[in-house]
Every structure is written in C-alpha cells, then in structure tokens.
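In case you want the letters, here they are:
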Amino acid sequence: MAETMCFLKPGTIAFYALFFGPLIAAILINLVFFALVLKVIKTSKNANISDTEQLLRQMKAAVAVMVLLGTGWVIGVFMNIPAPSMQITLQYVFIILNASQGMFVFVFYVILNDQVKNFWLEKLGIKVAAANSSSSKSTSSRKTPATTTSNVYANANAGDEEHKYADASEFPAKGENNANI
C-alpha cells in the first residue's frame, strides 16, 4: 500500500525535482537570511548591559530566528539515509522538531519577551504596573508623549489623541474605500 500512496519515491527524478531540489533551495535561502540576521545580531550592542548578558541576548535571538526559519527541515534532508535504524531516529527527531515549532515560537516571542510578559502579569493582577515606565526608548526625531504607558497597543510616537487604544477591539473599523466608519 505504501507504494501507491505517493508518486514521490526516493531515488526517482520526480523525488529530486519536486521535493529534494526545492527543499535544498529553501534551506540555502534560509541559511543566507540566517547569516544576514546573525550579522545584524552580532553588530547590535547595548552599552547598558554586561558582555555576558549581551551574549545571552544574541544567542536567544539567533535561536529564535532559527526556529522561525524551520531548521528542522535540515534533518529532513538526511532522512533519505539508507540505514533503517538511522532513518527511524531521524524521522522521530524531524517530527518532534517540526511539531514543536509553534511551541518554540510561543516560548521565544511571548514567554521570554519581558514586555509581553509584564503586560500579561499586570493584566492578570499578578504584578503592579510601574508608575512611569521608561521601557520604550525611541531614537526617532518624532515627538514622543511626556508619559509612556505599558499598553502594547499604544503608539509611543503618536500625539496625545491619535492611535491610542485600550485594547484591540477599539481599533477603528474601515469601509471599502479604507476610510474610517
């Protein structure tokens, strides 16, 4: 039955042209993007933190980008190894990495993000909101409001009355011509 399930059988031209070739191309493109992101991560410095904390932040950012780029597919390339015991092991690792990709995104971009974590701790009443937060540091030339807020929906660069919402449900509705209703 396995022979009739898919027309992409390992060793055939269709397998290499329609699966393995695009897989290798996607991995190479992702490696180029990963190298570019690593270059940016490595050159970003924060004078306010120690070298070890800077290194930990850079490593966290690199792993987070690796998760987004689907590095589990690198294992998928080697699943064509003829040794049955190695093939089964690689299949399990491949499935575990790809199935847990969403969990890794949640961990890196929600749980390990201090701003999001603090926002939800304040919303749930576990943590008291800071009186005047200086967490949003803007280097742009636009005018920033005198008081900053921990509201993640607020636009720090907006004036006093523009683009400030208590939650996502307050975003203005748009009509067909993209005008506010």
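Description of the structure in this document. As the structure is a prediction and not an experimental result, all values here were calculated from the model.

What counts, and where the lines are drawn
- Note on numbering: residues in each chain are counted from 1, in written sequence order.
- Under the rules for a predicted model, residues below a pLDDT of 70 receive no local features and side-chain atom pairs below 80 are neither given nor counted, while totals for whole chains, interfaces and linings still include all residues.
- In computing side-chain values, all of the structure's heavy atoms are included and hydrogens and water are not.
- Numbered from the N terminus, helices here are DSSP runs of H or I no shorter than four residues, and strands are runs of E no shorter than two.
- Whether two residues touch is decided by their heavy atoms; if any such pair falls within 4.5 Å, the residues are in contact.
- Residues enter patches when they are more than 30% accessible in relative terms and free of salt bridges; like-charged ones are connected within 9 Å and nonpolar ones (Val, Leu, Ile, Met, Phe, Trp, Tyr) within 5 Å.
- What sets the accessible areas is the Shrake-Rupley method with a 1.4 Å probe; for residues, cover comes only from the shown protein chains.
- We define a salt bridge as a side-chain nitrogen of Lys or Arg found within 4 Å of a carboxyl oxygen belonging to Asp or Glu.
- As a rule, the C-alpha atoms of each element are fitted with a line to give its axis, helices using only the stretch in contact, and angles between N-to-C directions run from 0 to 180 degrees.
- Roughly parallel refers to an angle under 35 degrees, roughly antiparallel to one over 145, roughly perpendicular to one between 65 and 115, and oblique to any angle outside these ranges.
- Crossings are sorted by hand: turned counterclockwise from the far helix by less than a right angle, the near helix makes the crossing left-handed, and turned clockwise it makes it right-handed.
- Residues are grouped as follows: Ala, Val, Leu, Ile, Met, Phe, Trp, Tyr, Cys and Pro are nonpolar; Asp, Glu, Lys and Arg are charged; every other residue, Gly included, is polar.

1. Considering the environment of Lys45
- One can find Lys45 in the loop between α2 (13-43) and α3 (51-68).
- Considered as a pair, Lys45 and Gln58 are 13 residues apart in the sequence and their alpha carbons are 9.5 Å apart.
- Ignoring sequence-local partners within four residues, the contact set of Lys45 consists of Gln54 and Gln58.

2. Some words on a nonpolar patch on the surface
- On the surface, Ile29, Val32, Phe33 and Leu36 cluster together into a nonpolar patch covering about 390 Å² of accessible area.
- Along the chain, Leu36 turns up in helix α2.

3. Section: the packing of α2 against α3
- The interhelical angle for the contact between α2 and α3, taken along N-to-C directions, is 160°, at an axis separation of 10 Å. One way to sum up the angle between α2 and α3 is to call them roughly antiparallel. α2 and α3 meet at a crossing whose hand is right-handed. Contact with α2, carried on its side by Phe34, Val37, Leu38, Ile41 and Lys42, involves Gln58, Ala61, Ala62, Val65 and Met66 of α3 and no other residues of that element.
- Looking at the contact of α2 with α3 residue by residue, the class counts come to 8 nonpolar, 1 polar and 1 charged.

Taken by themselves, the reported measurements are silent on function.
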